[in-house]
Amino acid sequence: MSQPKAPKIEFPCDYVIKVIGNAAPDFTEFVVEVVEQHAPGISESDITVNDSSKGRFSSVQLKIVATGEEQLKALFEELKASGRVHMVL
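Quick caveat: nothing in here was measured; it's all calculated off a predicted structure.

### A word on the sheet that holds strand β3 (residues 57-66)
Now for step 1: Read from one edge to the other, the open sheet built from four strands follows the order β2-β3-β1-β4, with strand pairing classed as antiparallel. Each end of this open sheet is capped by a strand with a single partner; those strands are β2 (47-51) and β4 (85-88). Along the sheet, successive strands turn relative to each other by an average axial angle of 20 degrees, direction set aside.
Now for step 2: For β2 and β3, the ladder comprises five bridges, and the chain directions are antiparallel. Bridged to Thr 48 within β3 is Gln 61.
Now for step 3: The strands that helix α1 (residues 27-38) touches are β1 (13-22), β2, β3 and β4; relative to β3, the one it contacts most, it runs at about 20 degrees.

Listed below in structure tokens is the structure:
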């Protein structure tokens, strides 16, 4: 029996990413700057920020317009390479 294939994403589309890292005063600003380089045009209403219960971690959720696999791959790699990001979902 073959594995079912993951659903194919139709580009361009709205795409939500969640970036988790150590809480810092400029963490949200940093994430938004990196994401803007790959997916310009993010508005304030597309950004949600949550801090962990102890305040050590921060998660930034953003809604972007994804244009293709390459864009998402480059975005995820740049965020992870920063050393400030623990996880990109």
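Picking up where we left off.
### With respect to the side chain of Asp 46
Now for step 1: Considering the arrangement of structural elements, one finds Asp 46 in the loop between α1 and β2.
Now for step 2: Beyond its immediate sequence surroundings of up to four residues, Asp 46 is in contact with Gln 61, Leu 62 and Lys 63.

### Remarks on the nonpolar core
Now for step 1: Residues Val 19, Val 31, Val 35, Leu 62, Leu 75 and Leu 79 are the most contacted members of the largest nonpolar core, which totals 22 residues.
Now for step 2: At the level of elements, β1, α1, β3, α2 (69-81) and β4 are the ones that each hand at least two residues to this core.
Now for step 3: In terms of residue count, α1 provides more of this core than any other element does, six residues in total.
Now for step 4: Not counting the four nearest positions on each side in its chain, Leu 75 is found in contact with Ile 17, Val 34, Val 35, His 38 and Ile 64.

### Re the packing of aromatic side chains
Now for step 1: Evaluated as defined, the whole model comprises one aromatic pair.
Now for step 2: Measuring from ring centre to ring centre gives 6.4 Å for Phe 27 and Phe 30, while their planes differ by 35 degrees; the resulting arrangement is tilted. One end of the pair is Phe 27 and the other is Phe 30, both in helix α1 and three residues apart, which spans about a single turn.
Now for step 3: Above the ring of Phe 30, the side-chain terminus of Arg 84 is found at 4.8 Å from the ring centroid.

Reading guide: rules and limits
- Residues numbered from 1 in each chain as written.
- Predicted model: local features only at pLDDT ≥ 70, side-chain atom pairs only at ≥ 80, totals over all residues.
- Heavy atoms only, no water.
- Pairing = 2+ DSSP bridges.
- Helix = DSSP H or I, 4+ residues; strand = E, 2+ residues; numbered from the N terminus.
- Axes fitted to C-alpha atoms, helices over the stretch in contact; angles between N-to-C directions.
- Contact = heavy atoms within 4.5 Å.
- Core = buried A, V, L, I, M, F, W, Y, C linked by side-chain atoms within 4.5 Å.
- Buried < 20%, exposed > 50% of the residue type's maximum accessible area, 1.4 Å probe, protein only.
- Phe/Tyr/Trp six-rings, centres within 6.5 Å; stacked < 30°, edge-to-face > 60°.
- Lys NZ or Arg CZ within 6 Å of the ring centre and 35° of its normal.

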